[in-house]
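# Overview (structure and organization)
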Number of protein chains: 2
Amino acid sequence: MPLMKSWVASANSADTPFPLNNLPYGVFSTPDTDPRCGVAIGEMILDCQAAEEIGLINLTNDPLFDVPFWNDLMEQGPAVWAALRDRLTALLAAGSPHQSMVEPLLIPIAEAEMHLPMVVPEYTDFYAGRHHATNVGTMFRGAENALPPNWLHMPIGYNGRASSVVVSGTDIRRPWGQLKSPDHDLPAFLPCRRFDIELEMGAIVGTPSDGPITVQEADDNIFGFVLLNDWSARDIQAWEYQPLGPFQAKATATSISPWIVTKAALEPFRTDTPPREFELLDHLKDVGPMLFDIDLTVTLAPAGKPASTITRTNYREMYYSAAQQLAHHTTSGCPMNAGDLLGSGTISGPEKSERGSLLELSWGGKEPFTLETGEQRSFVEDGDTLTLTGAALGDGYKIGFGNCTGTLLPALKDPYER
Amino acid sequence: MPLMKSWVASANSADTPFPLNNLPYGVFSTPDTDPRCGVAIGEMILDCQAAEEIGLINLTNDPLFDVPFWNDLMEQGPAVWAALRDRLTALLAAGSPHQSMVEPLLIPIAEAEMHLPMVVPEYTDFYAGRHHATNVGTMFRGAENALPPNWLHMPIGYNGRASSVVVSGTDIRRPWGQLKSPDHDLPAFLPCRRFDIELEMGAIVGTPSDGPITVQEADDNIFGFVLLNDWSARDIQAWEYQPLGPFQAKATATSISPWIVTKAALEPFRTDTPPREFELLDHLKDVGPMLFDIDLTVTLAPAGKPASTITRTNYREMYYSAAQQLAHHTTSGCPMNAGDLLGSGTISGPEKSERGSLLELSWGGKEPFTLETGEQRSFVEDGDTLTLTGAALGDGYKIGFGNCTGTLLPALKDPYER
């Protein structure tokens, strides 16, 4: 599929992340408006609430866009998702008869503040990248025990903390936590010393479910994707995570990119999961290409300095698709809701330059890496800005995600001071 | 404090779980009304929505009871919690001048259907009972490694799945899951064979927080308590839980009792945590008696047969208080919201008859126990009804919780059949 032409001139560049082929959904505000739903087109945002109010969007009996989140649309299911995409395409396509009515409803992205695009009822984080799991397992348990015995049979995941999900651009405060260094007998309560990122994709559940669903049903139920940075306090994690998993190490913040790229926009970029070492059980078997070919990059900019690219990888490196993760998530009967967020797990490629966390890039801090500024890093330092970017590359266009960025602020001197 | 007298006759019995001293909060419906907030008094429920509508309750500018959940009250904070309790006491006390206006607003509990008393934004489950952790650790890792190294230094917890929290009386469907028995090389997808309960108390966060809070602040922020049964699929758990903790094993259902017993009603029953083997770090130190003396019982009734008591224990057996759990939960900066539910962890006493799970009672299935009907049990069988009860025993009165009950339905033959 080639670039689809829009009457919004900035949407017709091969470099824009938001051509007419994309139409990602976000929530924005301006000095003149409270947060509201919008769709990105080139360098502009179409105000969906205003478009609905004047009847340009009229899909359902009750309004969809009188609320500042996309969950209401998600709950409508795939037929309404498709109808909205068709309508937005008709409104914004080159030659649209609606141009004169739509034009006043466009706001420059540069003038908008972005908010979380949806209410996140619950957040689940997986561990479904084989290179990452092998790297981390090798560091912690040795190469021979790198992958846990269950890893090749199911997408391992744990429940994260939805209240800590924030939109790109939110500053992150270095947390305090209980740590125990190997050379001390007792733990201490200190600021985290090994603060890290995890490069992930977040899949967003659209259609709710209330019992086990198949991999195909899971794929059907997924609404879209965001970039996701699962900030991780490695030293807190090391002390707390046995036997019940990560808890406070992952509860400071998880940043997501502000635009939900719909599954519809990513259809041309479907790709298969890698070959299977063990045949998966029937309820988890691949039933089609359910990964997506999305180039991913992480940059690190020390305070006041230029950014260095520290990782380049691709979402197709995952061992399990989001559809397989969601299907596994429901096996026990677990109810899923519109807006539920599933982190893919850290996405690392096979090469050192393709690793999705500083833990892997610096091999647990033993091999600090060098930025283009000449500085070295093992973990994130105060003032560092970490930025995830992602794009699926089409024929003369790209489907971009918008940045997922955050700056690490120093720990509070006394976390209990008011 | 003695029994406080009410003009509602059934509230003045030494046996009622709901004397005037209690005033627990629930959400009920009748054939004539949609779900709405109510307070239990003896054998009756006072309809709080109706009381507010006619001006008998008038605490805030905006109505508190135009919604079928208690979260709005929780968000108002302790001063409004106290004002509501004072007002309800004034309305229902013997000699109240309001009796004639309140009387028409009473509905028999026997005619009401109960619903979840609050929206549960997120659910966290702890592992903070020493006897339970020692029992389970001994079974899985041997007596010498029973307690993980971090256990005596922090309340170990993990994020559960809020969407699976159900109100007492909801039937529970035996889940399917991925299992691997020790005598097989590969896992299989089968109905759970080792389905279990966990006897817990649930603490409910009232006041939201957005950063680390002290143990005293945490105690202040807790709104009340429920009984909680954290249904657990032990065979699913055994295969999935390393390295990131329980996931699908705990996602079928968690049942809670329908009435929130407020912290205010439990004040006379405060008790200290047990002696500390290691001094806790300052941010987790006890700052007063923050456990509660609450007798707890579990009964098991096979289908169509009488119930046998299988456990008697007490909430004071916990090593960590709910306040310490909540304080630990916020160390990383994790935001907490009104209605967040914190499971205490399984409450087992030191004796065999005081164990809070079938896993412990049957020692992993190796020592089946005998019910009063003569039947044996290692884990929950299809048709079994499990019931948790709890009460704090005062001077001539008790503060009861109402039952937390659920019946196990057989697994579906094909979980994917529609």
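### Regarding the overall build of chain A
Of the regular secondary structure elements, chain A holds 10 helices and 27 strands. Against the globule reference of 22 Å for 418 residues, chain A gives a C-alpha radius of gyration of 21 Å, in line with a compact fold. Judged by the C-alpha coordinates and their principal axes, chain A covers about 70 × 50 × 40 Å. A buried classification covers 61% of the 418 residues belonging to chain A. Considering only residue pairs separated by 6 or more positions, chain A has 71% of its internal contacts joining residues 24 or more positions apart. When the accessible surface of chain A is summed, it comes to about 14,900 Å², and 51% of that surface belongs to carbon and sulfur atoms. Where the 28 positive side-chain charges of chain A centre and where its 53 negative ones centre are 7 Å apart.

### Focus on the interface of chain A and chain B
At the junction of the two partners, chain A supplies 61 residues and chain B supplies 61 residues. Looking only at chain A, the three residues that lose the most surface to chain B are Arg161(A), Leu244(A) and Phe247(A), adding up to 15% of its buried area. Applying the counting criterion to the chain A and chain B interface returns four salt bridges. Between Glu122(B) and Arg161(A) there is a salt bridge; the shortest N-O distance is 3.4 Å. Put simply, the parts of the chain that give the side of chain A that touches chain B at least two residues each are strand S6 (123-126), strand S7 (157-159), strand S10 (176-179), strand S11 (188-191), helix H7 (234-240) and helix H9 (322-329) of chain A. Top element by residues in the side of chain A that touches chain B is S7(A). It accounts for three residues.

### What about H9(A)?
Within an α-helix, residues lying three or four positions from one another point in the same direction, as the helix has 3.6 residues per turn. In terms of burial, H9(A) is a largely internal element, eight of the eight residues being buried. Buried residues belonging to H9(A) abut S6, S7, strand S13 (199-205), helix H6 (215-221), strand S14 (222-229) and strand S22 (341-343) of chain A.

### A few points about the relation of the copies chain A and chain B
Between chain A and chain B, the superposition needs a rotation of 180° and an axial shift of 0.0 Å, giving an RMSD of 0.0 Å. Such values leave the two copies arranged in the relation of a two-fold axis. Considering only C-alpha atoms, the residue of chain A closest to the rotation axis is Gly245(A), which sits at 2.1 Å.

### Description of the pattern of salt bridges
Tallied over the full model, the rule gives 39 salt bridges over all chains. The partner of Asp47(B) in a salt bridge is Arg36(B), and the shortest N-O contact between them spans 2.5 Å. Residue Asp47(B) is found in strand S3 (residues 44-47), and its partner Arg36(B) is found in strand S2 (residues 33-41); the two are separated by 11 residues along the sequence. A single burial state applies to Asp47(B) and to Arg36(B), both of which are buried. The network of salt bridges with common partners includes Asp196(A), Glu198(A), Asp230(A), Arg234(A) and Lys250(A).

### Side note on the packing of aromatic side chains
The final tally for this structure, using the stated rule, is 30 aromatic pairs over all chains. Their ring planes at 80° and their centres at 5.0 Å tell us that Trp81(A) and Phe223(A) sit as a pair that is edge-to-face. Placement of Trp81(A) in helix H3 (residues 78-92) and of Phe223(A) in strand S14 is noted, with a sequence separation of 142 residues between them. Judged on exposure class, the residue Trp81(A) and its partner Phe223(A) are both buried. Through a chain of ring-to-ring contacts, three or more aromatic side chains come together here, namely Tyr25(A), Phe65(A), Trp70(A), Trp81(A) and Phe223(A). The ring centre of Tyr320(B) lies 5.5 Å from the NZ or CZ of Arg276(B), which sits over that ring.

### Focus: the domain arrangement of chain A
All names here are of chain A. Partitioning chain A into structural domains gives domain 1 (9-115) and domain 2 (123-409). The gap between the C-alpha centroids of domain 1 and domain 2 is 29 Å. With 27 residues of domain 1 at the contact, the number on the domain 2 side is 26 residues. Between domain 1 and domain 2, roughly 2,000 Å² of surface is buried when both sides are summed, and carbon and sulfur atoms account for 70% of that area. Broken down residue by residue, the surface that domain 1 buries against domain 2 is led by Tyr25, Met74 and Trp81, which jointly contribute 29%. Seen at the junction of domain 1 and domain 2, the total is zero salt bridges. On the surface where domain 1 and domain 2 come into contact, there are four residue pairs in polar contact (both at pLDDT 80 or more). Of all elements in the fold, only strand S1 (25-30), strand S2 (33-41), helix H2 (71-76), H3 and strand S5 (113-115) reach the threshold of two or more residues within the side of domain 1 that touches domain 2. Here the element with the most residues in the side of domain 1 that touches domain 2 is H2; it accounts for four residues.

### Here's the deal with the nonpolar core
With 77 residues, the main nonpolar core has Met201(B), Phe225(B), Leu266(B), Ile294(B), Ile310(B) and Tyr315(B) as its most contacted residues. Each residue touching Phe225(B), except ones within four places of it in the same chain, is listed here: Met201(B), Gly202(B), Ala203(B), Trp259(B), Ile260(B), Val261(B), Leu266(B), Phe292(B), Tyr315(B), Ala322(B) and Phe401(B). Listed in part, the 76 residues of the second largest apolar core include Phe195(A), Val261(A), Phe369(A) and Leu371(A).

### Some details on the sheet that holds strand S4 (residues 106-108) of chain A
All names here are of chain A. If you trace the five strands from one edge of the open sheet to the other, you get S4-S3-S2-S1-S5, paired in antiparallel fashion. The open sheet is flanked by S4 and S5, the only strands paired with a single partner. Taking each pair of neighbouring strands and ignoring which way they run, the sheet shows an average axis angle of 45°. As judged from the four bridges shared by S2 and strand S3 (residues 44-47), these two strands associate in the antiparallel manner.

### Here's the deal with the environment of Ala94(B)
Residues and elements named next belong to chain B. Relative to the helices and strands, Ala94 is located in the loop between helix H3 (78-92) and helix H4 (99-102). The spatial distance from the C-alpha of Ala94 to the C-alpha of Lys180 is 61 Å, given a sequence separation of 86 residues. Not counting residues within four places of it along the chain, the set of residues in contact with Ala94 comprises Lys5, Ser6 and Trp7.

### Thoughts on unusual backbone geometry
The general pattern is negative phi for most residues beyond glycine and trans for most peptide bonds. For the peptide bond that leads from Gln242(A) to Pro243(A), omega is 10°, which places it in the cis range. Looking at the secondary structure, you find Pro243(A) in the loop between H7 and strand S16 (254-256). Even without being glycine, Leu23(B) reaches a positive phi, approximately 60°.

Procedures and definitions
- Residues numbered from 1 in each chain as written.
- Chains lettered and ligands numbered in written order.
- Predicted model: local features only at pLDDT ≥ 70, side-chain atom pairs only at ≥ 80, totals over all residues.
- Heavy atoms only, no water.
- Helix = DSSP H or I, 4+ residues; strand = E, 2+ residues; numbered from the N terminus.
- Rg over C-alpha atoms; globule rule 2.2 N^0.38 Å.
- Buried < 20%, exposed > 50% of the residue type's maximum accessible area, 1.4 Å probe, protein only.
- Contact = heavy atoms within 4.5 Å.
- Areas by Shrake-Rupley, 256 points an atom, 1.4 Å probe, with all protein chains shown as cover.
- Lys, Arg positive; Asp, Glu negative; His and termini not counted.
- Charge placed at Lys NZ, Arg CZ, Asp CG, Glu CD.
- Buried area = accessible area lost by both parts, 1.4 Å probe.
- Salt bridge = Lys/Arg side-chain N within 4 Å of Asp/Glu carboxyl O.
- Least-squares fit on C-alpha atoms with pLDDT ≥ 70 in both.
- Phe/Tyr/Trp six-rings, centres within 6.5 Å; stacked < 30°, edge-to-face > 60°.
- Lys NZ or Arg CZ within 6 Å of the ring centre and 35° of its normal.
- Domains from an automatic or database assignment.
- Polar contact = N/O pair within 3.5 Å; in protein donor to acceptor, adjacent residues only side chain to side chain.
- Core = buried A, V, L, I, M, F, W, Y, C linked by side-chain atoms within 4.5 Å.
- Pairing = 2+ DSSP bridges.
- Axes fitted to C-alpha atoms, helices over the stretch in contact; angles between N-to-C directions.

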